[in-house]
Amino acid sequence: MKVLRDTWLVFGRYFGIFIHNPVWVFLGVLQPVLYLVLFAPLLKPLAATRGFPPGGAYNVFVPGLLVQLGMFGAAGVGFSLIAELRAGVIERLRVTPISRVALLFGRALRDMFSIVLQSLILILISLPFGLSIHPLGVVVVLALIGLIGLLTASIAYAVALATKSEDSYAPIVFTSTLPILLLSGVLLPMSIAPQWLQDIAAVNPLLYAVDAARHVFLGNIGDPAVAKGVIILAVLSLVAVVIGARQFGRAVA
Amino acid sequence: MDGATPEPVIETRGLRRAFRSRQRQVEAVAGVDLRVVRGEIFGFLGPNGAGKTTTLRMLATLLPPSGGTARVAGCDLATQPSQIRERIGYVGQAGGSDREISARTELEFQGRLYGMSAEAARRRAQELIDMLELEAAADRKVGTYSGGQKRRLDIGLGLVHDPQLLFLDEPTTGLDPQSRARVWDEVRSMHDRGTTVFLTTHYLDEADALCDRVAIIDYGKIVAEGTPEELKRAIAGDVVTLSVAGEQRAAFELMQGQAFVRDAKVENGFVLLYVDRGEVAMPAILRLLDGANLQLKTVELHRPSLDDVFLKQTGRSLRETAA
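Residues numbered from 1 in each chain as written. Chains lettered and ligands numbered in written order. Predicted model: local features only at pLDDT ≥ 70, side-chain atom pairs only at ≥ 80, totals over all residues.

1. Here's the deal with the overall build of chain B
For chain B, the count of helices and strands is 12 helices and 14 strands. With the C-alpha coordinates aligned to their principal axes, the bounding extent of chain B is approximately 80 × 50 × 45 Å. In chain B, which comprises 323 residues, the proportion classed as buried is 45%. Put simply, 69% of the contacts in chain B that link residues at least 6 apart link residues at least 24 apart. (Helix = DSSP H or I, 4+ residues; strand = E, 2+ residues; numbered from the N terminus. Buried ≥ 20, exposed ≤ 12 C-beta atoms within 10 Å, placed from the backbone. Contact = placed C-beta atoms within 7 Å.)

Right, here's the structure in full:
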């Protein structure tokens with residue numbers, strides 16, 4: 001099928017660029033590791049607070065860090081796209097018969113790959129701190145974080161194509177990711193939040209992702225919250241890919 | 001093919017494109033009728049913002065027209081954009097190659113996008129590298145290339161699938177004279193291989209030296225079309241450019257009424273006189289100025305160039321509008 005072939009070609013192109021700059025993988029992991037070392041210890045006494053989820057500070061905090069990695073790791077991908085717009089690369093690709101879906105999906109797959117790789121590194125680094133996880137759980141969590149990466153990257157690309165400039169792209173992306181992150185229970189679980197905050201957070205898809213990831217780390221892979229989180233993200237990712245692909249197909253005037 | 005009507009590769013009727021800009025509707029292209037035939041080098045000439053690039057991008061399927069119809073490479077622009085994409089090449093102003101990738105990788109990737117096998121794409125990339133003399137740079141990152149090397153690669157990317165029609169948007173803007181001559185040579189050799197080339201430029205000498213036919217566009221409309229020779233011939237006779245001490249206005253008014261002056265203009269502090277025969281007009285001009293006590297500072301007689309055509313058609317000089 002043409003879409004698959006084109007997607008593979010585009011993935012190959014951006015994977016090639018990625019593999020020549022592996023330093024980004026480590027820079028991407030650096031921030032969550034700093035959180036792990038400099039922030040997670042603060043949670044240890046809090047883990048005894050009423051309303052704090054069970055499982056210990058690290059099993060509560062690392063899933064949140066992974067979700068954060070998934071979103072922040074992909075939120076910046078639009079910068080490279082804007083540079084390519086300026087260099088005429090996107091225009092050149094749009095004149096070829098290549099599938100518009102592949103133009104988006106091939107790139108987003110590369111971003112997914114990078115985020116899953118970083119997540120795996122973060123999980124391995126967290127193990128000595130007292131994180132415990134089942135091997136099957138790792139697979140489920142990586143799939144979940146991969147979906148967050150796909151969702152965020154697709155939206156980031158759509159925003160980059162619509163704004164065409166770093167000056168508009170950066171504030172849009174960074175001011176919108178912050179509330180999403182704060183309302184997802186990444187830093188502290190939303191279960192200790194006041195009711196009104198929990199009500200607002202209920203419309204945040206990332207909350208369900210964090211929830212699902214925490215259940216996986218507690219060993220409850222069969223919990224309905226896990227399936228719920230995966231399904232919500234899969235559906236949203238699909239929608240985001242369609243929107244992003246349409247943006248690639250539309251005129252970039 | 002002799003005697004037969006040449007086959008059109010591009011045919012547009014009333015092509016237009018409007019943009020919204022701050023609640024205002026702006027017509028960047030306001031009804032363009034074009035006919036480009038197989039095998040010719042067609043030049044689209046005009047100042048920045050005249051609608052050249054917008055027209056080009058519409059014809060290359062990058063921008064949907066707001067109105068009008070077009071057939072490109074035998075296909076309808078509105079209904080068959082993907083068939084058009086298979087048959088055309090397009091080299092934008094910015095180029096289109098990525099700084100982080102080598103020429104070879106870019107050319108091979110481009111070939112794959114047109115459906116070539118990995119092996120065929122490799123062969124084609126090598127052919128183009130040889131043809132464009134990029135061998136020495138082929139495996140380095142594009143970011144290290146000279147302006148001329150990069151432009152040759154960008155053109156190569158547009159040629160990978162051997163298109164029947166190639167669009168070049170200001171192919172030599174920003175190049176040094178030597179690289180510019182190289183690009184001209186490439187365009188001529190494409191022409192020799194039978195490729196139709198549609199290029200935009202704001203260099204008149206480029207259009208003059210390279211193009212079989214030229215259309216001049218200004219404010220979104222075509223104001224003149226023909227071979228460079230035809231266009232120049234349409235400006236009858238010669239052009240005398242002179243300046244006098246003090247106000248040019250006086251010299252202009254004096255000359256305007258003379259029977260041998262077909263048209264007169266003041267432009268950039270010079271008086272331009274369009275006359276039938278410059279060598280006959282010149283002594284008369286000198287006598288008249290002397291008689292009116294106007295002191296001649298400079299005088300020049302030349303055959304009309306495309307710049308004169310442009311000035312005549314648009315009332316402005318292309319040299320001052322093209323930044």
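That covers the picture; the talk isn't over yet.
2. Some details on the overall build of chain A
Regarding its fold elements, chain A presents 12 helices and 0 strands. From first element to last, N terminus to C terminus, chain A shows the α and β order α-α-α-α-α-α-α-α-α-α-α-α. Rg of the C-alpha trace for chain A: 19 Å, near the compact-globule value of 18 Å for 253 residues, within the 12% margin. Across its three principal directions, the C-alpha atoms of chain A cover 60 × 35 × 35 Å. By the burial criterion, 47% of the 253 residues in chain A qualify as buried. Relative to all contacts within chain A whose residues are 6 or more apart in sequence, the contacts with residues 24 or more apart total 83%. (Rg over C-alpha atoms; globule rule 2.2 N^0.38 Å.)

3. A few points about the packing of helix α5 (residues 147–159) of chain B against helix α6 (residues 177–192) of chain B
Residue and element names in this part refer to chain B. Where α5 contacts α6, the two axes come as close as 9 Å, and the packing angle between them is 20°. Relative to α6, the element α5 is oriented roughly parallel. Here the hand of the crossing between α5 and α6 comes out right-handed. From α5, Gly-147, Gly-148, Arg-151, Arg-152 and Ile-155 reach across to α6, where they touch Ser-179, Arg-182, Val-183 and Glu-186. (Axes fitted to C-alpha atoms, helices over the stretch in contact; angles between N-to-C directions. Parallel < 35°, antiparallel > 145°, perpendicular 65-115°, else oblique. Left-handed = near helix turned anticlockwise from the far one by under 90°.)

4. Considering the interface of chain B and chain A
At the junction of the two partners, chain B supplies 22 residues and chain A supplies 17 residues. Counting only elements with at least two residues in the side of chain B that touches chain A, the list comes to α2 (81–87) and α3 (103–113) of chain B.

5. Some remarks on unusual backbone geometry
Note: most residues except glycine have negative phi, and most peptide bonds are trans. All names here are of chain B. A positive phi is found at Asp-162, a non-glycine position, where the angle reads about 50°. If you trace the backbone, Asp-162 turns up in the loop between α5 and β7 (165–169). At Asn-268, a residue that is not glycine, the phi angle is positive and equals roughly 55°. Tracing the chain through its elements places Asn-268 in the loop between β12 (261–267) and β13 (270–275).

6. Here's the deal with the environment of Asp-276 of chain B
All names here are of chain B. By secondary structure assignment, the location of Asp-276 is in the loop between β13 and α10 (278–291). Of the residues examined, Asp-276 has 12 C-beta atoms within 10 Å and is grouped as exposed. Counting along the chain gives 15 residues from Asp-276 to Val-261, while the straight-line C-alpha distance between them is 7.6 Å.

7. A short note on the sheet that holds strand β9 (residues 213–218) of chain B
All names here are of chain B. Pairing is mixed in the open sheet, where 6 strands are placed in the order β6-β7-β8-β3-β9-β10. Only two strands of the sheet have a single partner each, and these edge strands are β6 (88–91) and β10 (221–226). Across the sheet, the mean angle separating the axes of adjacent strands is 15° when strand polarity is ignored. Of the strand pairs in this sheet, β7 and strand β8 (residues 196–201) are connected by 5 bridges, and their pairing is parallel. Paired with Leu-166 across the two strands is Val-197, which belongs to β8. Of the strands in this sheet, β3 (41–45), β7, β8 and β9 touch helix α1 (residues 52–59), which is tilted by about 150° from β7. Against the sheet, α5 makes contact with β6 and β7, and its axis sits at roughly 160° relative to β6, the strand it touches most. (Pairing = 2+ DSSP bridges.)

8. As for the packing of helix α11 (residues 205–217) of chain A against helix α12 (residues 224–249) of chain A
Residues and elements named next belong to chain A. It is at 8 Å that the axes of α11 and α12 come closest, and there the two elements cross at 140°. Regarding the angle of α11 to α12, the classification is oblique. α12 is crossed by α11, and the crossing has left-handed handedness. Contacts between α11 and α12 involve Pro-205, Tyr-208, Ala-209, Asp-211, Ala-212, His-215 and Val-216 on the former and, on the latter, Ala-225, Val-226, Lys-228, Gly-229, Val-230, Ile-232, Leu-233 and Leu-236. Residues of the contact of α11 with α12, tallied by class, amount to 11 nonpolar, 2 polar and 2 charged. (Nonpolar A, V, L, I, M, F, W, Y, C, P; charged D, E, K, R; others polar.)

9. Comments concerning the domain arrangement of chain B
With domains assigned, chain B is organised as domain 1 (8–232) and domain 2 (236–303). Taking only C-alpha atoms, the centre of domain 1 of chain B and the centre of domain 2 of chain B are 41 Å apart. (Domains from an automatic or database assignment.)

10. Quick word on the nonpolar core
Counting residues in hydrophobic clusters, the biggest one holds 77 residues, and the most contacted among them are Val-67, Leu-144, Ala-156, Tyr-157, Ala-209 and Ala-213 of chain A. With 16 residues, helix α8 (residues 135–163) of chain A is the largest single contributor of residues to this core. Excluding residues that lie within four positions of it along the chain, Val-67 of chain A makes contacts with Ile-145, Ile-148, Ser-184, Val-186, Leu-206, Ala-209, Val-210 and Ala-213 of chain A. Ala-60, Ala-125, Leu-128 and Ala-138 of chain B belong to the second-largest nonpolar core, a separate cluster that totals 68 residues. (Core = buried A, V, L, I, M, F, W, Y, C linked by C-beta atoms within 7 Å.)

11. Some remarks on the pairing of β10 of chain B
Pairing of β9 of chain B with β10 of chain B, which is carried by 5 bridges, proceeds in the antiparallel orientation. Bridge pairing in β10 of chain B links Ala-215 of chain B to Glu-225 of chain B.

12. Some thoughts on the sheet that holds strand β5 (residues 75–76) of chain B
All names here are of chain B. Pairing in this open sheet of 4 strands is antiparallel, and the strands run β2-β1-β4-β5 from one edge to the other. Either end of the sheet is taken by a strand with one partner, and the two such strands are β2 (24–37) and β5. Bridge count between strand β1 (residues 8–21) and β2: 11 bridges; the pairing is antiparallel. Directly across from Arg-20, in β2, lies its bridge partner Gln-25. Set on the sheet, α1 makes contact with β1, β2 and β4 (67–72); between it and β1 the angle comes to about 120°.

13. Comments concerning the confidence of the model for chain B
For chain B, the mean per-residue pLDDT works out to 89, and 96% of the residues sit at or above 70. Both scores are available for the predicted complex, with the pTM at 0.84 and the ipTM at 0.87. (pLDDT = per-residue confidence, 0-100.)

14. Regarding α12 of chain A
All names here are of chain A. With 26 residues, α12 extends 38 Å between its outermost C-alpha atoms, agreeing within 8% with the 38 Å of an ideal straight helix rising 1.5 Å per residue. The complete set of buried residues in α12 reads Val-226, Gly-229, Leu-233, Ser-237, Ala-240, Val-241, Gly-244, Ala-245, Gln-247 and Phe-248. For α12, the elements touching its buried residues are α7 (100–126), α8 and α11. (Expected span 1.5 Å × (residues − 1).)

15. Focus on helix α9 (residues 166–182) of chain A
Residue and element names in this part refer to chain A. Taking 1.5 Å per residue, 17 residues should reach 24 Å; α9 reaches 24 Å between its end C-alpha atoms and fits that length. Of the residues making up α9, those classed as buried are Tyr-169, Val-173, Thr-177 and Leu-181. Along α9, the residues classed as buried sweep out an arc of 60° about the axis, all on the same side. Seen from the open side of α9, the exposed residues pointing more than 90 degrees away from its buried face are Asp-167, Pro-171, Thr-175, Leu-178 and Pro-179. Looking at the buried side of α9, the elements it contacts are α4 (57–75), α5 (78–86) and α8. (Arc of directions from axis to C-beta.)

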